[in-house]
Amino acid sequence: MSKDLDLSVYLVTDTVQCGALGVAETVRQAVQAGATLVQVRDPDADDDAFLAMARDVVETVRGTGVPVLLDDRVHLVAAAGADGAHVGQSDMPVAQARAILGPDPILGLSVETGEQLDWAVAHLGRGDIDYLGLGPVRPTASKPNHAPATGLRYLSGLAARSPWPCVAIGGVKAADTAAVRRSGFAGVSVISAICGQPDVRAATRELVNAWASGGLPPVALTIAGSDPSGGAGIQADLKTFSALGAFGTSVITALTAQNTQGVTGVHVVPVDFVAQQFETLVADVRIDSIKVGMLATAELADEVTELLGELDAPVVLDPVMVATSGDRLLDDDAVQAVRRLIAKADIITPNLPEAAVLLGETQATGLDEMSAQAVKLRELGADWVLLKGGHRLDARATDVLAGPDGVHELVSHVVQTKNTHGTGCTLSSALAALRPRNLDWPSTAAAAKEWITGALDHADELGVGHGHGPVHHFYRFWS
Ligand SMILES: Nc1ncnc2c1ncn2[C@@H]1O[C@H](COP(=O)(O)OP(=O)(O)OP(=O)(O)O)[C@@H](O)[C@H]1O
Ligand SMILES: Cc1ncc(CO)c(N)n1
Ligand SMILES: [Mg+2]
């Protein structure tokens, strides 16, 4: 009987690495964020302590449908109420384990070499085991004396020959998930990629989302204006997408003649051609995330509102009204149309002047006012509002994120630079690039804030223009 096992995100616990959070709470948060299988592992614990921990984990996941396996301790599976066991090459032989477990519980086997796989194929029936753990992919702290890492290429060769589904194990990181998925595995088995992570849910969701994407990068779409100076607009958006691991696509709403000192002209793209760019693209290319920037006119804003109804990807709306130089980028009569578009957005990212215009109020000066305006802006229809603080820069460069769960502050240090052209475009594009791989908007916003701060930290290394220069979109890549 083939068991319907979801091996995609397989958590192996490590008591030491789980730290103060503890094993059961780590498991609870990981399962909440989408972990599909749990193996309780602690080679140093005695049976009594191990059984207590296993029972705690079984109770923690009760009702979720997520199976709990015991590492090596086949004889404790029934007492723990667990769903099966996993044995290594030096643990109890599979035949003996299966005799103790009976036919129904899940049984996994570690395999490190081709010879071990050949032995299993020659000596084990299809139903004797349910999956193989192939590894180690790379040296792992969890098994310091383990067989030398054989690497994914070698292991995928084993997976291709295996009659059982296989998980990749041993030093597997979130960044490996795409390659593992493309290499024919049924899942990733991880310890330190989840255990001991500062945010277990976010770490787990990154694995879940990477696996769900089939190993492909998210495709992000920017619907915005062109900034020839490269610091803002679609140019900044596409650089940001690329720097953060998304494939960038674009629909251009307006051409600007612009440099780091100002905007000398705007040519708005005819609405029908904006629609034609969009329809031609989405007819062929999947879109996982959307950023909307400069719209220039009410007509364009209303057209984009219609077009967005054709997709269900998350939408980041940067309600662009004025460039850093102070030049207008949105007609006065277009504000109401932008308000209508907000209802289609999942998150909006106004700066302080834009928030004041959208609310018909004066610009917030203090943090309390920022929070109040961010909360009030949610009434326009977007669940999340990221009110950017670049125009009032307190000591922590505080932005305010308001959502269904309240208000979050996003903080960093203040970067002493004049090169802040396009910071808002860049931040909103970072949200669009990161959202498909993240747990939720708060974790996405925290990652985007960290990234934009780094781009500002390195902005002075570019030397572009004599006015407010661009931020450094590729600071993580250029030496
Ligand atoms: N000097 C700085 N130091 C640190 N963070 C900054 C600085 N200037 C801006 N930021 C951050 O950059 C992000 C963008 O905020 P900002 O208010 O500049 O957006 P914006 O006005 O829409 O930018 P633009 O319109 O030029 O694209 C925010 O996270 C803000 O806190
Ligand atoms: C094209 C374009 N979009 C957005 C901004 C906001 O900075 C800009 N300066 N130029
Ligand atoms: Mg802006």
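Residues numbered from 1 in each chain as written. Chains lettered and ligands numbered in written order. Predicted model: local features only at pLDDT ≥ 70, side-chain atom pairs only at ≥ 80, totals over all residues. Heavy atoms only, no water.

- An unreviewed UniProt entry lists the protein chain under the name Thiamine-phosphate synthase, with Brooklawnia propionicigenes as the source organism.

1. Observations concerning the sheet that holds strand β5 (residues 106–111)
- Around the barrel, eight strands lie side by side as β1-β2-β3-β4-β5-β6-β7-β8; this closed barrel has parallel pairing. Strand-to-strand twist of the sheet, defined as the mean angle between neighbouring strand axes without regard to direction, takes the value 25°.
- Where helix α3 (residues 47–61) meets the sheet, its contacts fall on β2 (37–40) and β3 (68–71), and the angle it forms with β3 comes to roughly 165°. (Pairing = 2+ DSSP bridges. Helix = DSSP H or I, 4+ residues; strand = E, 2+ residues; numbered from the N terminus. Axes fitted to C-alpha atoms, helices over the stretch in contact; angles between N-to-C directions. Contact = heavy atoms within 4.5 Å.)

2. Brief notes about the packing of aromatic side chains
- All chains considered together, the criterion is met by four aromatic pairs.
- With a centroid separation of 5.7 Å and an interplanar angle of 75°, the aromatic rings of Tyr10 and Tyr131 are classed as edge-to-face. Here Tyr10, found in strand β1 (residues 9–12), pairs with Tyr131, found in strand β6 (residues 131–134); they are 121 residues apart in sequence, far enough to count as distant. As far as burial versus exposure is concerned, Tyr10 and Tyr131 are alike and both buried.
- Aromatic ring contacts, followed pair by pair, group Phe474, Phe477 and Trp478 into a single cluster. (Phe/Tyr/Trp six-rings, centres within 6.5 Å; stacked < 30°, edge-to-face > 60°. Buried < 20%, exposed > 50% of the residue type's maximum accessible area, 1.4 Å probe, protein only.)

3. Things to note about the environment of Asp104
- Mapped onto the secondary structure, Asp104 falls in the loop between α5 (94–101) and β5.
- Separated by 26 residues in sequence, Asp104 and Asp130 have C-alpha atoms that sit 10.0 Å apart.

4. Considerations on the pattern of salt bridges
- In this structure the tally under the stated criterion is 16 salt bridges.
- Linking Arg286 and Asp288 is a salt bridge whose minimum nitrogen-to-oxygen distance equals 3.1 Å.
- Accessibility expressed as a relative area gives 40% for Arg286, which makes it partly exposed.
- Measuring nitrogen to oxygen at the nearest pair gives 3.1 Å for the salt bridge that ties Asp399 to Lys449. Residue Asp399 is located in strand β16 (residues 399–403), and its partner Lys449 is located in helix α17 (residues 441–457); the two are separated by 50 residues in the primary sequence. (Salt bridge = Lys/Arg side-chain N within 4 Å of Asp/Glu carboxyl O.)

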